Each structure stands twice: as C-alpha cells, then as structure tokens.
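Results of the structural survey
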There are 2 protein chains.
Amino acid sequence: MDNDKVGRYLLQTSPYHVDVNGNISIGVLGNHLLNVAGLHSEEYGFGMSVLQPLQCTWVLSRLCIELYRSPLQHESFWIETWGESVYKLFSNRGYAIKDASGTSIGYAKSVWAVLHTESRKPINLLTINEGKMIGCMTTHSCPIEPPNRNNLRGEFLRTHEYKTVFSDIDINGHVNSIKYIEHTLDLFPMEMLKTHRLKRYDIAYVTESYYGETLFFHLYEVNHLEYMVEVKRNNEQVAVRSTLIFEPLAVE
Amino acid sequence: MDNDKVGRYLLQTSPYHVDVNGNISIGVLGNHLLNVAGLHSEEYGFGMSVLQPLQCTWVLSRLCIELYRSPLQHESFWIETWGESVYKLFSNRGYAIKDASGTSIGYAKSVWAVLHTESRKPINLLTINEGKMIGCMTTHSCPIEPPNRNNLRGEFLRTHEYKTVFSDIDINGHVNSIKYIEHTLDLFPMEMLKTHRLKRYDIAYVTESYYGETLFFHLYEVNHLEYMVEVKRNNEQVAVRSTLIFEPLAVE
C-alpha cells in the first residue's frame, strides 16, 4: 500500500513531561505531533526549508487527539504520521500513536494551511514545489472523527482571564499553538483531572494572539464529561475554540 | 581518562521549543539537563529504578546553567554529563552542551540529594547500591562556577503573584522544578528578553510547593544586567531563589 509514505518516529516520555497521574502532559504530546508533522513534511519536500525561501509558513488550523490511554513516564512510543488529503487551501494529516510493540493507543488528525508570512494571505497548496504534496498523500486509515467545528454549545460556567507572558510566545511572535491547550486544561480543578482522563480533545485556531494580551477563557459545560472553551483576545476576537471529552478513571 | 563514564546524548531543538529569538526555551533546556541526568544515573546503577524500590527519590537541590549561545531552532546538539563528586548528603553533576561539531556552547552543574519519599528525610548516598556512586565519579572538568548560594541582594523592584495550576504539577504532586525557571523568566518584559540573552542562571530549591498555592515572586535588581528572584509559598516559606545574569545582544 502506501506504507512507504508514512513517517515513523520513536519517542520517549521524560519524567519531567508527565502530569500528576504519570501520563504524558497533553502539551508535550501536542508538541510531538506538530514536530513530527514538520519532520515528515520536510522529508517529502514540502517542509519549512522549502516554504521559508518563498516567505511562506505552515499554520495549524485544527487539531484533534483521541487517546485510549496516554504514554506513561519513561515509556517509549511511536508516532506515525501521513498525508491524508490536500486541497487548494488546506491539507489533512493523520497520526497514530503506538506503544513499543506497535499497538495503537491513540490517533490524531490535523488540518493545515500555508500563509504568506508578510501578507498573512493563504497560498494555494497545489502550486508549492510543483504540486509535490499531491503525490505524498496516502490512503492510510485514521479511525477517528475529523476535528470538529467547535461550534459553541453548552451552559456557560465561568471565565478565566490570563495575560500572556514571554514563555507563551513562539518564534513568529504569536502565542504558541500548544500553550492554548495547556492553559485550557488548566481551567479544570485538580480533583477532576486526577479522577478523569482526557479521552478526546479538539481545537480550532481562529486568530493569532500576541504578547501582553489578556486572553479570556470562557468555559461551557455540554454535559458532566464534555466541555467547550472559547478563548477571546482582550475579550473581543476569538483566538481559539476547543472541546474536551473526559472519561472517569477506573477506581483501583 | 574518565571519558567512559561520561554520558553523551544527542538532542534536537523542535520549532515549538524555541522562544521569540529562535533560541531554545530555558525550560526546555532545563528539562533536557534533568532528563539526561536521570538516564545517566540509570545507566550507572543509581537511577530511579534502583531508588524507587527503596522508597527513595532523587531531588534537585541546585542548578546553574551558563551559555555562550543557545541551541537554535532545528539545531542538533549534544549534552554530555558526568558525576563530579559524591558526599553523604549531596552529589554534584557536571554537564557540557556542545554543538554538532563538538564545540562547547555552554555548561551546567547540578547538586542532588536523595530523599525518602514518605519521611522526606535525606538518605546517605554512600550507602545506596553498595556505594556504587563513588566509582562513577570522574575528574572531567566543568569550567564554570558552582551553583551560587543565591543569598538575596539588590534593590527590591516588584512582586508578582501566581497561583499554581495543573500543568505546573509533576508526578510527585509538587510544582515541577523547571516551571519555577519558566515563571521566573516570565517576570521580565519582552523588550528586555528580546534585546538580551540569559548568560547565566542559578537556582536553589528550598521547599516544595503544591497545587493551588499562590507563589509570590519577589524581584530584586543587583545591577541592570543581574537580577535575583525569591519565590515564597503563600508569601511565607521560601520555595526557590534564583539569580539571572543577562548580556545585551549585539545589534545587527
């Protein structure tokens, strides 16, 4: 099949990268997913080394992660990633997270666009490097729902204000994509996060936010295991929206 | 010489792990240092797999990092680490950070103790695994000053209050050692951090802090390139103290 177009990356969970339950921190896992996407696109001729001279950059538009269980402290695991489809403005990528023996413990999907770094206008993906991306797509399956639209629903619970700091900011001067995920999970009380695991997480990136802005995290409850969070820059423009689905941990 | 007792670990800086200047985030570098210390001690028979069954754990007491330059985005680099000396209550570890060609770009030193996980009492390091640690020490040189005592000095500037959240907490239920470093650097304005690089960083860990506590970061200026930060739990007990020495970046 298309197995030769699937990138396979071996990772290991550092003891400083796990949460209080011993599971890999969601931010660390998210970073791994984005990082292997970069390595894989580089290998196949449409990575940043091709885009940078064109004054273009990959921008993450949506991401979803679904986990049967999280990689644990010290655990070695694989992330596999592959191109699913490419259109004029968006490309879809799939991921499988596998334990050392090759058994799937989770999946992820991401949707990407390419923007011009100055104008911030989207670039036709089919024109980059003579349409090289098209030949890299596979029919490899990723058996989870695509990233949801994150249309806001549920009952409003509360708002948390957060002023962005230096460590939130990436090399482009924007709040790092992964930092929204960390700050979103931090809205939940420890009792909840100790007794539940995050089963599925969806995030849609709407507008960039910057250093020193105050982000308003509005939390909504869809039901006692499903929540939505809308983040607004200075309580005006939407920056990101996300949906979290939890599962109670088995009592030992 | 003792080169066979030096651990060498190859790392690469992910694009999501750099700051606005394109330098590796200090928290990411700090995590790498602690992580390779764990891997190295494991290899030499005094790692967590030996300590855990004894209900003991390594605890970081002090750390200093001195950089001539930081690893950049996508850059591959080496961290070498070795045992320097071991006493009854503390052991000293050295690190060299080297570029891909083997040229040193920085050094670090750390001081560790072993505590009983229940009583939190220190354990005599010379008794662990039949004193195995002693034979692992090297005379390898680390040409920087040892971690300073961080005795508070300078002129008080301001206090920042920070309530700890889920992502600050490690598997032991304490604030992660590295999170103090990140939050400390976040006290400085972007203008300062964009025009200066952190040349040397020293931190001393005094007492553990926990989820939901408010940490008071008291900032002192020693001179316009040197600062001290004392962090107090609920403004009472000292949690950590640190010293930061900056260097102006050359104007291009």
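Here's what I pulled together on the structure shown here. (Residues numbered from 1 in each chain as written. Chains lettered and ligands numbered in written order. Predicted model: local features only at pLDDT ≥ 70, side-chain atom pairs only at ≥ 80, totals over all residues. Heavy atoms only, no water.)

Brief notes about the overall build of chain A
Across its full length, chain A carries four helices and 10 strands. Each helix (α) and strand (β) of chain A, taken in turn from the N terminus, gives the series β-α-α-β-β-β-β-β-α-α-β-β-β-β. Among the 252 residues that make up chain A, the fraction classed as buried is 57%. Across chain A, contacts joining residues at least 24 apart in sequence account for 70% of those joining residues at least 6 apart. Accessible surface, chain A as shown: approximately 11100 Å² in total, 52% of it carbon and sulfur. In chain A, 23 positive and 29 negative side-chain charges are present, and the distance between their average locations comes to 4 Å. (Helix = DSSP H or I, 4+ residues; strand = E, 2+ residues; numbered from the N terminus. Buried < 20%, exposed > 50% of the residue type's maximum accessible area, 1.4 Å probe, protein only. Contact = heavy atoms within 4.5 Å. Areas by Shrake-Rupley, 256 points an atom, 1.4 Å probe, with all protein chains shown as cover. Lys, Arg positive; Asp, Glu negative; His and termini not counted. Charge placed at Lys NZ, Arg CZ, Asp CG, Glu CD.)

Thoughts on the environment of Pro15(A)
As for its position among the elements, Pro15(A) is in the loop between strand 1 (7-12) and helix 1 (26-43). With 213 residues separating them in the primary sequence, Pro15(A) and Met228(A) have C-alpha atoms 30 Å apart.

Focus: the packing of aromatic side chains
This structure, assessed with the given rule, holds 16 aromatic pairs over all chains. A centroid spacing of 6.4 Å and a plane angle of 65° characterise the contact between Phe46(B) and Trp58(B), whose relative ring orientation is edge-to-face. One end of the pair, Phe46(B), is in the loop between helix 1 (26-43) and helix 2 (48-51); the other, Trp58(B), is in strand 2 (residues 56-67), with 12 residues separating them in the sequence. For Trp58(B), a relative accessible area of 15% puts it in the buried group. Taken together, a centroid distance of 5.1 Å and an interplanar angle of 65° make the contact between Phe188(B) and Phe246(B) edge-to-face. In this pair, Phe188(B) is assigned in the loop between helix 3 (177-185) and helix 4 (190-195) and Phe246(B) in strand 10 (residues 237-248), connecting sequence segments 58 residues apart. Among the aromatic residues, those joined into a cluster by ring pairs are Phe46(A), Trp58(A) and Trp112(A). Sitting over the face of the ring of Trp78(A), Arg8(A) holds its NZ or CZ atom 4.2 Å from the ring centroid. (Phe/Tyr/Trp six-rings, centres within 6.5 Å; stacked < 30°, edge-to-face > 60°. Lys NZ or Arg CZ within 6 Å of the ring centre and 35° of its normal.)

Thoughts on the side chain of Thr164(B)
Counting through the fold element by element, Thr164(B) comes out in the loop between strand 6 (155-163) and helix 3. Apart from the residues within four sequence positions on either side, Thr164(B) is in contact with Val175(B), Tyr210(B), Tyr211(B), Gly212(B), Glu213(B) and Leu215(B).

Some details on the interface of chain B and chain A
Each partner contributes to the interface: chain B provides 32 residues, whereas chain A provides 32 residues. Carbon and sulfur atoms supply 60% of the area buried between chain B and chain A, which totals about 2900 Å² over both sides. Taken as a group, Tyr16(B), Phe166(B) and Ile171(B) account for 28% of the area that chain B buries against chain A, more than any other trio of residues on that side. Connecting chain B to chain A are 12 residue pairs in polar contact (both at pLDDT 80 or more). Looking at side-chain class alone, the side of chain B that touches chain A contains 17 nonpolar, 10 polar and five charged residues. (Buried area = accessible area lost by both parts, 1.4 Å probe. Polar contact = N/O pair within 3.5 Å; in protein donor to acceptor, adjacent residues only side chain to side chain. Nonpolar A, V, L, I, M, F, W, Y, C, P; charged D, E, K, R; others polar.)

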